[in-house]
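Structure at a glance
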Amino acid sequence: MATLTDFYKLGDTVRNWGRWGADDELGTLNFITPQKIAAAAGLVRHGKVFPLGIDFGSNGPQGAFKFRANPTHVMTVDGGDAQTLTEYGPKWLQNSVAGELAGFFADNPFRFNDDMLIMPLQAATQWDAFSHVYYDEKLYNGFPADSVTSMGAFHCGIEKVDSKGITSRGVLLDLVKYRGADTFLEVGEPITGDELDECAKRQGVTIESGDIVLVRTGWWNRFLEAGDGSEPYSGLDWTCAKWLHDHEIAAVAADNLMVENPISGVEGTFLPMHMLCLRDMGLMLGEYWDFTALAADCAADGVYEFQLIAPPLRVVGAVGSPINPIAIK
């Protein structure tokens, strides 16, 4: 078990503050150059598309954490409204929203349905913004933590990274296959940087600057089987922050709920890799991704690189965003 002193030393080693200027809010996405994006597009050879997002619905993985709930989908206008309003309105509905709707439906064939979604922005497949996690009252690049208020994040909101796409070369590291697990990596030994290197070598793929690395632990497949959003799993060891830093990774995503190992490897703290990645490095984390179909195809053709497209929503001041990423081979 490492100490907080060890944690702070690694934070000093991987910190990118000022690397791209005092006002930078893109962090390691700066490694995604125009040349990198063009090269990623060149990886599309067959036109095969793999959606990597999970369903946004009431059967999702949330609920284990009391402060997050699964999405609630609500119809605000439906066919029943059209029938009822045209039959009984609009006399008693005048000067009301229902009266306005009745006007749309009256004496013409036009009909429509409308709906809304109520959910935490990190309820399912998503990116963590840099403003999501902090320590010692500082966000990425030294911005003050109190610049995130009830009105949103003034610095490092998710909308600040939209200019990067987010698109780059994606690389899948299938740790389930590498470790020879049946379905998923049960709680136990966390994934180390050396393992990531060895997994890439076995797959015949080279990790390059500006890559977005996808780590398959099999947790999502296990959730589909058991439906337990709180079931433990193995994730990246907190020291993988140095691996990500040394390889100049643009972003990292996993098919589990925290990317990193849920059992902290640092005494006296929780989710140390989150703090090192989001606060010190400015490296975004993606959670609850589904690699099932992509992993099967990569195993079949031996190609573990592809174009990855995963833009966040431009929710101003948000500390995370739902996404529906796609890999294209």
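Quick caveat: nothing in here was measured; it's all calculated off a predicted structure.

**A few points about the overall build of the protein chain**
Within the protein chain, the secondary structure is distributed over 10 helices and 13 strands. Overall, the C-alpha framework of the protein chain stretches about 70 × 50 × 40 Å when taken along its three principal axes. For the protein chain, buried positions account for 52% of its 329 residues. Carbon and sulfur atoms provide 54% of the accessible area of the protein chain, an area that totals close to 14900 Å². Here the protein chain carries 24 positive and 44 negative side-chain charges, and the mean point of each set is 5 Å from the other.

**As for the environment of Pro71**
Examined against the element boundaries, Pro71 turns out to sit in the loop between strand E1 (49–51) and strand E2 (72–77). Residues Pro71 and Leu10, spaced 61 residues apart in sequence, show a C-alpha to C-alpha distance of 37 Å.

**Description of the packing of aromatic side chains**
Per the stated rule, a full pass over the model turns up 14 aromatic pairs. Taking 5.5 Å as the distance between ring centres and 75° as the angle between the ring planes, the aromatic pair formed by Phe7 and Tyr8 counts as edge-to-face. Judged by its relative accessible area of 1%, Phe7 falls in the buried class. In this structure Tyr8 comes out as partly exposed when scored by relative accessible area, which is 34%.

**Quick look at the pattern of salt bridges**
Within this structure, the stated rule accounts for 19 salt bridges. Asp301 is paired through a salt bridge with Lys48; the nearest N and O atoms lie 3.9 Å apart. One end of the pair, Asp301, is in helix H10 (residues 292–301); the other, Lys48, is in the loop between helix H2 (34–41) and E1, with 253 residues separating them in the sequence. Relative accessible area serves as the criterion here: at 33%, Asp301 is assigned to the partly exposed category. One salt bridge connects Arg169 with Glu208, and the closest N-O pair in it is separated by 3.8 Å. Taken as a pair, Arg169 in strand E7 (residues 167–174) and Glu208 in the loop between helix H6 (193–203) and strand E8 (212–216) lie far apart in primary sequence, 39 residues in all. By relative accessible area, which is 5% here, Arg169 ends up buried. Judged by relative accessible area, which is 37%, Glu208 ranks as partly exposed. Several salt bridges converge on common partners, so that one network encompasses Lys36, Arg169, Glu208, Asp211 and Glu305.

**Points about helix H9 (residues 272–281)**
H9 sits mainly inside the fold: 10 of its 10 residues count as buried. Looking at the packing, one finds that the buried side of H9 touches helix H1 (4–14), strand E4 (126–128), helix H8 (240–246) and strand E10 (284–287).

**A short note on the packing of H1 against H9**
Between H1 and H9, the shortest axis-to-axis distance is 10 Å and the interhelical angle comes to 30°. When the axis of H1 is compared with that of H9, the two are roughly parallel. Read as a crossing pair, H1 and H9 show a hand that is right-handed. Between H1 and H9, the contacting residues are Phe7, Leu10, Gly11 and Val14 on the first element and Pro272, Met275, Leu276, Asp280 and Met281 on the second. Of the residues belonging to the contact of H1 with H9, the class tally is seven nonpolar, one polar and one charged.

**Details of the nonpolar core**
In this structure, Trp127, Leu173, Leu214 and Trp289 are the most contacted members of the largest nonpolar core, which totals 74 residues. Considering each element in turn, this core owes the most residues, six residues, to H9. Ranked by size, the runner-up nonpolar core spans 10 residues in total, among them Trp219, Phe223, Leu271 and Tyr288.

**A look at the pairing of E10**
A two-sided burial pattern is seen for E10, the buried positions comprising Met284 and Gly286 on one face and Leu285 and Glu287 on the other. Relative to E10, E4 is paired through three bridges, and the arrangement is antiparallel. For Asp128, the partnering residue across the bridge sits in E10 and is Leu285. Where strand E9 (residues 251–254) meets E10, three bridges bridge the pair, whose relative direction is parallel. From the neighbouring strand, Ala251 faces E10, where its bridge partner is Met284. In this fold, the crossover linking E9 to E10 by way of H9 has right-handed handedness.

**Observations regarding the sheet that holds E1**
In spatial order, the strands read E1-E13-E11-E7-E8-E9-E10-E4-E12; together these nine strands make up an open sheet with mixed pairing. Single-partner strands in this sheet number two, and they are E1 and strand E12 (320–322). Going from strand to strand, the sheet's axes swing by 25° on average, the running direction of each strand aside. Across four bridges, the pairing between E8 and E9 is parallel. Looking across to E9, one finds that Leu214 is bridged to Ala253. Contacts from H9 reach E4 and E10 within the one sheet, and its direction differs from that of E10 by about 130°.

Here is what the cut-offs are and how they apply
Residues numbered from 1 in each chain as written. Predicted model: local features only at pLDDT ≥ 70, side-chain atom pairs only at ≥ 80, totals over all residues. Heavy atoms only, no water. Helix = DSSP H or I, 4+ residues; strand = E, 2+ residues; numbered from the N terminus. Buried < 20%, exposed > 50% of the residue type's maximum accessible area, 1.4 Å probe, protein only. Areas by Shrake-Rupley, 256 points an atom, 1.4 Å probe, with all protein chains shown as cover. Lys, Arg positive; Asp, Glu negative; His and termini not counted. Charge placed at Lys NZ, Arg CZ, Asp CG, Glu CD. Phe/Tyr/Trp six-rings, centres within 6.5 Å; stacked < 30°, edge-to-face > 60°. Salt bridge = Lys/Arg side-chain N within 4 Å of Asp/Glu carboxyl O. Contact = heavy atoms within 4.5 Å. Axes fitted to C-alpha atoms, helices over the stretch in contact; angles between N-to-C directions. Parallel < 35°, antiparallel > 145°, perpendicular 65-115°, else oblique. Left-handed = near helix turned anticlockwise from the far one by under 90°. Nonpolar A, V, L, I, M, F, W, Y, C, P; charged D, E, K, R; others polar. Core = buried A, V, L, I, M, F, W, Y, C linked by side-chain atoms within 4.5 Å. Pairing = 2+ DSSP bridges. Right-handed = clockwise from strand over helix to strand, strands pointing away.

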